[in-house]
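Letter by letter, the chains look like this.
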2 protein chains.
Amino acid sequence: MPTISNVPFDQLQIGQTSEYAKTVTEQDIQLFAVLSGDANPVHLDPDFAANTQFGERIAHGMLTGAVISAAIAMQMPGPGTIYLGQTLAFKRPVKIGDTVTVTLTVAEKHATKPRATLDCVVTNQNGQVVVEGQANVMVPTESQTVEVPTLPSVSLQR
Amino acid sequence: MPTISNVPFDQLQIGQTSEYAKTVTEQDIQLFAVLSGDANPVHLDPDFAANTQFGERIAHGMLTGAVISAAIAMQMPGPGTIYLGQTLAFKRPVKIGDTVTVTLTVAEKHATKPRATLDCVVTNQNGQVVVEGQANVMVPTESQTVEVPTLPSVSLQR
């Protein structure tokens, strides 16, 4: 089973960065609709979306928020991190097939508590910022390596 | 096909509220892991989670963010809303089987642009706040009723 390791508080450096990329698929958008309940046709109906200002289906904005949360949880600080807060500014739509890259940068470390603020910038394959914000996290104080469970394969039926 | 209607800017009132509830299932957590890539064992592995401070598996924090986004998109202001920003403070874990209720309250309307700020409070079935924050949205200026596409049924295979 593959493993991931965290970056414990004493090793986390101001200015340290981590990148996490994901290509957004049609299935991702459908799964997001299923789990959230947001079935708006701008996300799901190509004909409807063609007549909106976007010209085609767009991903739910918070799907990119989900990718930011994965970057934090899987990479930096990684396993054992407790998510305290997140700000998000949605700047541009994400479309099916776009590859979004989350860049996390350690902006602040709390003087006395194992807490940190991470700047979060998400760009698309054209280098345009689609989402930006900040995360507040409680950082693990001890090194930890965990086994990553295998994800199920998903099939969708209409 | 079922339809949903929006609350256009001129009908949106300061203090107006909308509630949206969802019970978080094991499948939701697995789907969130698949679409985000966050496969941390605290969300997916019952044995691992039993030995954490939570004592059992917890939902990804941003899954509750996804439910907030659905409340905004499906109910108030509803279809045609453009999501500009969201703040989230994660207060308590959400566990499998918890029913989370998002309460949206119109906090501010922009004086000249069709923009609004919504207070977002998410409670669990025990009345405890699990997430709170604010959403900034561009509110549709015209009434709109849209057909809601049928969501696919999902099956998971290991």
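Rules behind the numbers
- Residues numbered from 1 in each chain as written.
- Chains lettered and ligands numbered in written order.
- Predicted model: local features only at pLDDT ≥ 70, side-chain atom pairs only at ≥ 80, totals over all residues.
- Heavy atoms only, no water.
- pLDDT = per-residue confidence, 0-100.
- Buried < 20%, exposed > 50% of the residue type's maximum accessible area, 1.4 Å probe, protein only.
- Helix = DSSP H or I, 4+ residues; strand = E, 2+ residues; numbered from the N terminus.
- Pairing = 2+ DSSP bridges.
- Least-squares fit on C-alpha atoms with pLDDT ≥ 70 in both.
- Contact = heavy atoms within 4.5 Å.
- Core = buried A, V, L, I, M, F, W, Y, C linked by side-chain atoms within 4.5 Å.
- Buried area = accessible area lost by both parts, 1.4 Å probe.
- Salt bridge = Lys/Arg side-chain N within 4 Å of Asp/Glu carboxyl O.

### Points about the confidence of the model for chain A
Point 1. Scored by pLDDT, chain A comes out at a mean of 97, with 100% of its residues at no less than 70.
Point 2. The ipTM assigned to the predicted complex is 0.97, against a pTM of 0.98.

### A look at the pairing of strand 2 (residues 17-23) of chain A
Residues and elements named next belong to chain A.
Point 1. Across the two faces of strand 2 the burial differs, with Ser 18, Tyr 20 and Lys 22 buried and Thr 17, Glu 19, Ala 21 and Thr 23 not buried at all.
Point 2. Pairing of strand 2 with strand 4 (residues 99-109) involves seven bridges; the strand directions are antiparallel. Note that in strand 4 the partner of Ala 21 across the bridge is Thr 101.

### Section: the relation of the copies chain A and chain B
Point 1. It takes a turn of 180° to lay chain A on chain B, together with a shift of 0.0 Å along the axis; the resulting RMSD is 0.0 Å. What we have between these two chains is a two-fold relation. Of the C-alpha atoms belonging to chain A, the one lying closest to the rotation axis is found on Thr 87 of chain A, 2.2 Å away.
Point 2. Of the residues that chain A buries at the interface, 98% are likewise interface residues in chain B, meaning the two copies contact each other through the same surface.

### Side note on the nonpolar core
Point 1. Among the nonpolar cores identified, the biggest contains 90 residues, and Ile 68 of chain A together with Ile 68 of chain B are the most heavily contacted of them.
Point 2. Here Ile 68 of chain B is in contact with Tyr 83, Gln 86, Leu 88, Val 102, Cys 120, Val 122 and Val 131 of chain B, once residues within four sequence places are set aside.

### A word on helix 1 (residues 26-36) of chain A
All names here are of chain A.
Point 1. Among the eleven residues that make up helix 1, nine are buried, leaving the element largely enclosed by the rest of the structure.
Point 2. Every buried residue of helix 1 is accounted for by Asp 28, Ile 29, Gln 30, Leu 31, Phe 32, Ala 33, Val 34, Leu 35 and Ser 36.
Point 3. Trailing helix 1 by a residue or two, Gly 37 shows a phi angle of about 90°, which is positive.

### Description of the interface of chain A and chain B
Point 1. Chain A puts 54 residues into the contact, and the matching count from chain B is 54 residues.
Point 2. Of the roughly 4,400 Å² buried at the junction of chain A and chain B (both faces included), carbon and sulfur atoms supply 65%.
Point 3. On the chain A side of the interface with chain B, the three residues burying the most area are Leu 35, Met 62 and Pro 152 of chain A, jointly 15% of the side's total.
Point 4. Remark: the boundary between chain A and chain B carries zero salt bridges.
Point 5. Those elements that provide at least two residues to the side of chain A that touches chain B are strand 2, helix 1, helix 2 (41-44), helix 4 (61-74), strand 3 (82-90), strand 7 (145-147) and strand 8 (153-157) of chain A.

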